[in-house]
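These are the residues of each chain, in order.
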Amino acid sequence: MKYMNHTKLISIATAFTVLLTGCGKTDPELDTYKKEMTAFTETVTDLVDSINAIDVDSDNRTEELLSYLDEMDIAFTDMAALEVPEEFSNIEELADEASSNLSRAVSLYHEAFDGTGEDFDNNIPREEILSAAHEYYSRAFKRIDFIGTILQGELPDDESVTIIHETETEEE
C-alpha cells in the first residue's frame, strides 16, 4: 500500500527542522513549534511506513490499516491544535483544513471497510466511498505539503491555490 511519497514527507520534515531554526536567534514560541512539528512529521512518517508495510495477504490487514489511520487522525488533530508562531500565522488555516480532510478520509475508510463511518450508508457502492476517502486523504497531505512550502519561505505553486497579496495603504 503506497499512500504518500516518502521523499515528499522527508522534505517537509527537513523544511520544519531547517527553517524553523532561524538565524541563530532563540524564540521560545518558535522553538516549541519546531519541536512539535518535528514530532508530528516523525509520527506521520512512521505511520505511513507502517501502512506501506501492511501485508496485503494478512487476515487482519483491514484492522491494521484502520488502526494506523486512526492514529494518524489523532496526530493531525493534535497538529492543527498547535499554537502557530505569529510569523507563520498564515498556515493555521491550512493545518485546520489538513486535519479536517484527514478526519473525513478516516471516517470514509471506516465506512468502506467496516461499516462504522460517520455517515454510514450501505446504499453507496464501496468503490465510491474508497475513492472519496482517497481524495480527502490526498487533500490532507496536499495541505501539509503547502505548509512545508510556506515554512521554506516559498509560495505554493498549484493551480488550486490563489495568492492574495496584501498591500500597504499609504497614510497621508
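Residues numbered from 1 in each chain as written. Predicted model: local features only at pLDDT ≥ 70, side-chain atom pairs only at ≥ 80, totals over all residues. Heavy atoms only, no water.

Asks: What should I look at first to understand helix α4 (residues 92-114) in this one?
Replies: The periodicity of an α-helix, 3.6 residues per turn, causes residues three or four positions apart to be oriented the same way. Over its 23 residues, α4 extends 33 Å from the first C-alpha to the last, a length consistent with the 33 Å expected when each residue adds 1.5 Å. Positive phi shows up at Gly 115, right after α4, with a value of about 70°. (Helix = DSSP H or I, 4+ residues; strand = E, 2+ residues; numbered from the N terminus. Expected span 1.5 Å × (residues − 1).)

Asks: How should the packing of helix α2 (residues 28-52) against helix α3 (residues 61-80) be read in this particular structure?
Replies: Angle between the axes and distance between the axes: these two values describe a pair of packed helices. Where α2 contacts α3, the two axes come as close as 10 Å, and the packing angle between them is 165°. Between α2 and α3, the crossing angle belongs to the class labelled roughly antiparallel. Crossing of α2 over α3 shows left-handed handedness. Counted together, Met 37, Phe 40, Thr 43, Val 44, Leu 47, Val 48, Ser 50 and Ile 51 of α2 and Leu 65, Tyr 68, Leu 69, Glu 71, Met 72, Ala 75, Phe 76 and Met 79 of α3 form the full contact between these two elements. Residues of the contact of α2 with α3, tallied by class, amount to 13 nonpolar, 2 polar and 1 charged. (Axes fitted to C-alpha atoms, helices over the stretch in contact; angles between N-to-C directions. Parallel < 35°, antiparallel > 145°, perpendicular 65-115°, else oblique. Left-handed = near helix turned anticlockwise from the far one by under 90°. Contact = heavy atoms within 4.5 Å. Nonpolar A, V, L, I, M, F, W, Y, C, P; charged D, E, K, R; others polar.)

Asks: It is not clear to me how α3 should be interpreted in this structure. Could you clarify?
Replies: Helix length check: α3 (20 residues) gives 28 Å between terminal C-alpha atoms against 28 Å at 1.5 Å per residue, within 8%. Restricting attention to buried positions, one finds in α3 the residues Leu 65, Leu 66, Leu 69, Met 72, Asp 73, Ala 75, Phe 76, Met 79 and Ala 80. (Buried < 20%, exposed > 50% of the residue type's maximum accessible area, 1.4 Å probe, protein only.)

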